[in-house]
Amino acid sequence: MAQALTFVAPQPALLRPQRAASEVAPEAVPPTVGAASSRSKVGGVPPLLQGFALGLALAAPRLRARSQRLPRQAAVDEKPAQAAPKAKAKAKAKAKARKKVVAPLSQQVFEGLFAPIVTLGYFLVGQTFVERVRGKGIELHSRAITAYCQTFGIQNRKRQGFIKTAKKTGHELGMLAEGGIFGEGLIGKQALEWYQNSGLSRL
């Protein structure tokens, strides 16, 4: 009745101690459904939108720097355009600041037939009085030419031609002598007072 006992040696695999669950390699643990869904979506946002948002976040600093650079470039481009009028204004101011060279008396006297009389008027009643009287004479002459053209139906272009011819003739006769030598003359102030009180300026 006695049965033969056989001794079976334990296999090496059976003798190895079991590893803890934390020491198992990640590859050995199959991903669960919850983990897969957490990798594919973060906060319910699809991966495509996540990549688009990341691209915008990376490109935002470049776009902001470019938008700040454009107004500066426009301001730099506008500076030369603003400097041009200033340069013109400075040139005009310099031109005005330059003193006009006055012709000598010996040259002015012989500019035309009436140049000696105009020069003598500068000496006696002054430059201002002579210029005002001469300007009033030119104004009355222009009115006479305009009235003549209106009476006979002469065109406006012809009238302007008559006025230019009168101005040229007066310059050739010496009525527009430059002066600028005697200032207000001997009795310039008294002459101006008489001119204003006589009513000639209101003609």
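Residues numbered from 1 in each chain as written. Predicted model: local features only at pLDDT ≥ 70, side-chain atom pairs only at ≥ 80, totals over all residues. Heavy atoms only, no water.

1. Remarks on the confidence of the model for the protein
Low-pLDDT portions of the prediction should not be read for the details of their coordinates.
At step 1: Looking at the protein as a whole, the pLDDT averages 74, with 54% of positions reaching at least 70.
At step 2: Within the model, the stretch residues 1-5 combines pLDDT values under 50 with 0 contacts to residues more than four positions away or in other chains.
At step 3: Long-range and interchain partners of residues 24-42, a stretch whose pLDDT sits below 50, account for 6 contacts in this model, where long-range means more than four residues apart. (pLDDT = per-residue confidence, 0-100. Contact = heavy atoms within 4.5 Å.)

2. What to know about helix α5 (residues 115-125)
Each turn of an α-helix holds 3.6 residues, which means side chains three or four residues apart point in the same direction.
At step 1: All buried positions along α5 are accounted for by A115, V118, T119, G121, Y122 and V125. Viewed along the axis of α5, the buried residues span an arc of 160 degrees, placing them on a single side of the element.
At step 2: Summarising the contacts, the buried residues of α5 are in contact with α4 (105-109), α6 (127-151) and α8 (188-198).
At step 3: One or two steps after α5, the chain reaches G126, where phi turns positive at roughly 90 degrees. (Buried < 20%, exposed > 50% of the residue type's maximum accessible area, 1.4 Å probe, protein only. Helix = DSSP H or I, 4+ residues; strand = E, 2+ residues; numbered from the N terminus. Arc of directions from axis to C-beta.)

3. What to know about the pattern of salt bridges
At step 1: Taken as a whole, this structure holds 2 salt bridges when the rule is applied.
At step 2: Put simply, K136 and E139 hold a salt bridge, and the shortest N to O gap is 3.4 Å. Taken together, the residues K136 and E139, both in helix α6 and 3 residues apart, mark about one turn of the helix.
At step 3: Judged by relative accessible area, K136 falls into the buried class, the value being 12%.
At step 4: With its nearest N and O atoms 2.6 Å apart, the salt bridge here joins E139 to R143. Residue E139 and its partner R143 are located together in helix α6, separated by 4 residues, close to a single helical turn.
At step 5: We classify E139 as partly exposed; its relative accessible area is 33%.
At step 6: Its relative accessible area of 43% is what places R143 among the partly exposed residues.
At step 7: One network of salt bridges, in which partners are shared, links K136, E139 and R143. (Salt bridge = Lys/Arg side-chain N within 4 Å of Asp/Glu carboxyl O.)

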